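A look at the structure
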Amino acid sequence: MARNGSLRRNTAKVFIFLISLFVLGALAPLPSVSQRSSHFHFDKADEQKFEIAGDMFWKDGEPFRIIGGDLHYFRVHPEYWEDRLQRAKALGLNTIQTYVPWNLHEPRQGHFVFEGIADIISFLKLCKKLDLLVMLRAGPYICGEWDLGGFPAWLLAEEPAIRLRSSDPAFLDLVEKWWGILLPKISPLLYSNGGPIIMVQIENEFGSYGNDKAYLHYLVKLARGHLGDDILLYTTDGGARETLRKGTIPGDAVFSAVDFTTGDDRGPYSSYRKSSTHQENHLLFQRHEFYTGWLTHWGEKIASTDATFTATYLEKILSMNGSAVLYMAHGGTNFGFYSGANTGSNEADYKPDLTSYDYDAPIRESGDVDNAKYKALRRVIAKYSTQPLASVPPDNEKIAYGRIKLDKVSFLYDMIGMKDLVDVVESENPISMEAIGQMFGFVLYASEYNPKGNGSVLSIPKVHDRAQVFISCTEDSGKRPAYVDVITRWSNRPINLPYLKCESKNKLLILGILSSVYLDSRPLYKWKMLPIPLQNLNEAIQINPIILNARKGLPKRSAREKLKDKRNSVLEPAFYTGHFSVDKVRDTYISFRGWSKGIAFVNEINIGRFWPSVGPQCNLYVPAPMLRQGENTLVILELESPNTDLFVNSVDHPDFTCGPTGSTLRKSREHRLLSS
């Protein structure tokens, strides 16, 4: 079942991704302490204080320049948090900006997770340890190319349906419960309390989505109720007049930031503003977007930006006494099922994001810093830093563990027959995965119909994001389900179901739908939904019967049987398993070149989606902490066709050269959207 939009199911129409870059007091030199005192006065009680006044930042009574970057804790293995933060500090950064994805921390309603990769408190304490300030983007919506924009999928199953990102009381009640857990946890880590957090963002580019001021004012009130009246709050919106009108929060002393594209020459003062009913002055600042790279969707050429170009524009900002927050300083990885998507004006305009979130950032996905962009940016930052920069750590070693032979364990549909695996849900009409209590993984939809001699026409008005269609006989004939076709979200079209001679009815099997199903223009009723749960990143490793069964492997087969397997390969989802030995535990990559699309698990950890048949990403990053000395297990769920020789390679480098040459996701005849 596919659900990988940043806001799935048309919950939002606009996905303008933001970065944060402030230019404050752009043409004026930083004032001396005596000049600063004419603006306001600090006494001893104010020694630990961060403020915005006189068109600039002030830290403990001294003018302060933010040189920061986005680094998201949920895109980095926790054992590498300190490593990546040290590399950010060596780049010259003094501030880290991160989102907080609600769905990572409350994957099931009322079940909160703050351990492992969701241990935000430990991440913030590491920032404090390394003397890095933090700008926290608390949502509740974050976008960020993250599944459902950070909203937990169970919100979509609420009855009656709630309006996300609105002042709908039912939605506000859930936000209040979530922030009632989150904000008290981070309150002790505010800068005024001795922690690293200097600012907290409210929502995310709301002006590009709606115009519900009551919703925004409610979030401000809620944030201040937990964090105090002195907390610096800010919003972020695009530079168009209409988005600013909708997204800013006048009368609540909230700073409103405006994004511009890197290299866009705007006036030195324009758009970082504080409005308050209690003061008449408006503080004017400028905020530019400063992308160090760019995101990449499946089916596109890997995005990259020139190192010299990027460094030149950063220097232009810093030379005007500006402050900058780079998006991204380090991109990381969309492990598990969390990679998002961008959507446009209609269902067809759908662009799913890669598992890699490398972003062509100066600190690469694996943490590498021995590259032109890191060096160029560091040279610029060093010229404007008030202190010598920390030494640059060497790149972490990566090892190619070689060829990993795989065996087919089972077809997915065979494993569904395990009596202790799933609870079947029955309904007259198909219902969503969330409605049957499953947030990630797959759901197989099954129904029966009377075949016609000349076949039938199948149509599904709403597919998110890809539906694989199979037919079989209802009786146990010993034959494999016959693959029919794939219906995709952006090229939704009716397909022909061929006549299948059976003793009784035909069985229709569909992996991934979201609406009624029509056969020859008439709705098909009486459905069985079979949940196929697969572990996501933030879930504790547990005995998953699917993966457990896959790990056991099959009895050894003869060469003739294996050859028959190759010749009879069908486009039916199947599990494959293999083992590889590790003497020295280091980072590695798994190359899926020659495979089609699916999901991979290393030692039962979901390392993400692969789709080399569309590209450009060929290899999935496996950080060393996911491996162990000795034998390691790889389990693959291939949704279509495996490599004919049933192997993958462990290699020591990334690779973004897969996919049909010269084609894009939208143009390729081979395009197939993610069904997970």
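Chains are numbered independently. Their residues run from 1 in the order of the written sequence. Residue-level local features of this predicted model are given only where pLDDT is at least 70; pairs of side-chain atoms are given and counted only at 80 or more, and the full residue set underlies all totals for whole chains, interfaces and linings. Excluded from the side-chain calculations are hydrogens and water; all other atoms, namely the structure's heavy atoms, are used.

Per an unreviewed UniProt entry, the recorded name for the chain is Beta-galactosidase, and the organism is Sesamum radiatum. Per UniProt, the comment on the chain under Catalytic activity (unreviewed entry) is "Hydrolysis of terminal non-reducing beta-D-galactose residues in beta-D-galactosides." UniProt positions are given in the numbering used here, feature names are shortened, and annotations may be inferred rather than shown by experiment. If you open the UniProt record of the chain and go to Sequence similarities (unreviewed entry), you find "Belongs to the glycosyl hydrolase 35 family."

**Re the state of the cysteines**
When the sulfur atoms of two cysteines come within 2.5 Å, that pair is taken as a disulfide. Per the stated rule, a full pass over the model turns up two disulfides. Shown here is the disulfide that connects Cys473 with Cys502, its sulfur atoms set 2.0 Å apart. Looking along the S-S bond of the Cys473-Cys502 disulfide, the torsion reads about -80°, which is the left-handed sense. Placement of the pair is Cys473 in strand E20 (residues 466-473) and Cys502 in the loop between strand E22 (495-497) and strand E23 (506-511), with a sequence separation of 29 residues. The disulfide bridge from Cys618 ends at Cys658, spanning 2.1 Å between sulfur atoms. Between Cys618 and Cys658, the disulfide has an S-S torsion of 125° and is therefore right-handed. With Cys618 in the loop between strand E30 (605-610) and strand E31 (619-622) and Cys658 in the segment after strand E33 (647-651), this residue pair connects regions lying 40 residues apart in the sequence. To sort residues, take the accessible area from a 1.4 Å probe on protein chains only and compare it with the maximum for the residue type: under 20% means buried, over 50% means exposed, and anything in between is partly exposed. With a relative accessible area of 1%, Cys618 lands in the buried category. Look at Cys658 and you get buried, because its relative accessible area is 10%. By sequence-ordered numbering of the bonded cysteines, the chain has its disulfides arranged as 1-2, 3-4. Helix and strand assignments come from DSSP, with helices taken as H or I runs of at least 4 residues and strands as E runs of at least 2, each series counted from the N terminus.

**A look at the nonpolar core**
Judged by nonpolar contacts, the single largest core of 144 residues is most densely connected at Trp179 and Leu634. Ranked by residue count, the leading element in this core is helix H5 (residues 169-186), at nine residues. In contact with Trp179, other than residues within four places in its own chain, are Ala138, Gly139, Pro140, Pro184, Ile202, Leu219, Leu222, Ala223 and His226. Membership of the second largest hydrophobic core comes to 23 residues, among which are Met433, Ile436, Tyr449 and Leu508. Residues enter a nonpolar core if they are buried and are Ala, Val, Leu, Ile, Met, Phe, Trp, Tyr or Cys, with the set joined through side-chain atoms within 4.5 Å. Note on contacts: a residue pair qualifies if any of its non-hydrogen atoms lie within 4.5 Å across the two residues.

**Section: the sheet that holds strand E4 (residues 62-64)**
Think of it this way: DSSP has to see at least two bridges between two strands before they count as a pair. Ordered by their spatial adjacency, three strands build an open sheet running E2-E3-E4, and the pairing between neighbours is antiparallel. With one partner strand each, in any of the chains shown, strand E2 (50-53) and E4 form the two edges of the open sheet. Here the average twist between neighbouring strands, direction ignored, is 40°. Note on geometry: axes are C-alpha line fits, over the in-contact stretch for helices, and angles between N-to-C directions span 0 to 180 degrees.

**Here's the deal with the packing of helix H8 (residues 307-318) against helix H9 (residues 372-384)**
Between two packed helices, the angle of one axis relative to the other and the distance separating the axes together describe the packing. Between H8 and H9, the least distance of the axes is 8 Å, while the angle of their chain directions is 15°. With respect to H9, the element H8 is oriented roughly parallel. As H8 runs across H9, the sense of the crossing is right-handed. Along its contact with H8, which presents Ala307, Thr310, Ala311, Leu314, Glu315 and Leu318, the element H9 presents Ala372, Lys373, Ala376, Leu377, Val380, Ile381, Lys383 and Tyr384. Amino acids are sorted into nonpolar (Ala, Val, Leu, Ile, Met, Phe, Trp, Tyr, Cys and Pro), charged (Asp, Glu, Lys and Arg) and polar (every other residue, Gly among them). Partitioning the contact of H8 with H9 into residue classes produces ten nonpolar, one polar and three charged. Roughly parallel here means an angle under 35 degrees, roughly antiparallel means over 145, roughly perpendicular means 65 to 115, and every remaining angle is called oblique. What makes a crossing left-handed is the near helix being turned counterclockwise from the far one by less than a right angle; a clockwise turn instead makes it right-handed.

**Notes on the sheet that holds strand E24 (residues 518-519)**
Spatially, E22-E19-E24-E25 is the arrangement adopted by the four strands of the open sheet, whose pairing is antiparallel. The open sheet has two edge strands, E22 and strand E25 (522-523), and neither has a second partner. In the sheet, strand E19 (residues 456-459) pairs with E22 via three bridges, with the strands oriented antiparallel. Within E22, the residue paired with Ser456 across the bridge is Leu497.

**Overview of the pattern of salt bridges**
Salt bridge, as used here: a side-chain nitrogen of Lys or Arg that lies within 4 Å of a carboxyl oxygen of Asp or Glu. Per the counting criterion, the structure on display carries 25 salt bridges. Salt-bridge contacts for Asp70 lead to Arg137; the nearest nitrogen and oxygen are separated by 3.2 Å. Placement of Asp70 in strand E5 (residues 67-71) and of Arg137 in strand E7 (residues 133-137) is noted, with a sequence separation of 67 residues between them. The residues Asp70 and Arg137 share a single accessibility class, namely buried. Residue Arg466 pairs with Glu640 through a salt bridge whose shortest N-O separation is 1.9 Å. Of this pair, Arg466 sits in strand E20 while Glu640 sits in the loop between strand E32 (630-638) and E33, placing them 174 residues apart in sequence. No difference in accessibility class separates Arg466 from Glu640, as the two residues are buried. When salt bridges that share partners are traced, they join Asp358, Asp360, Arg364 and Lys373 into one network.

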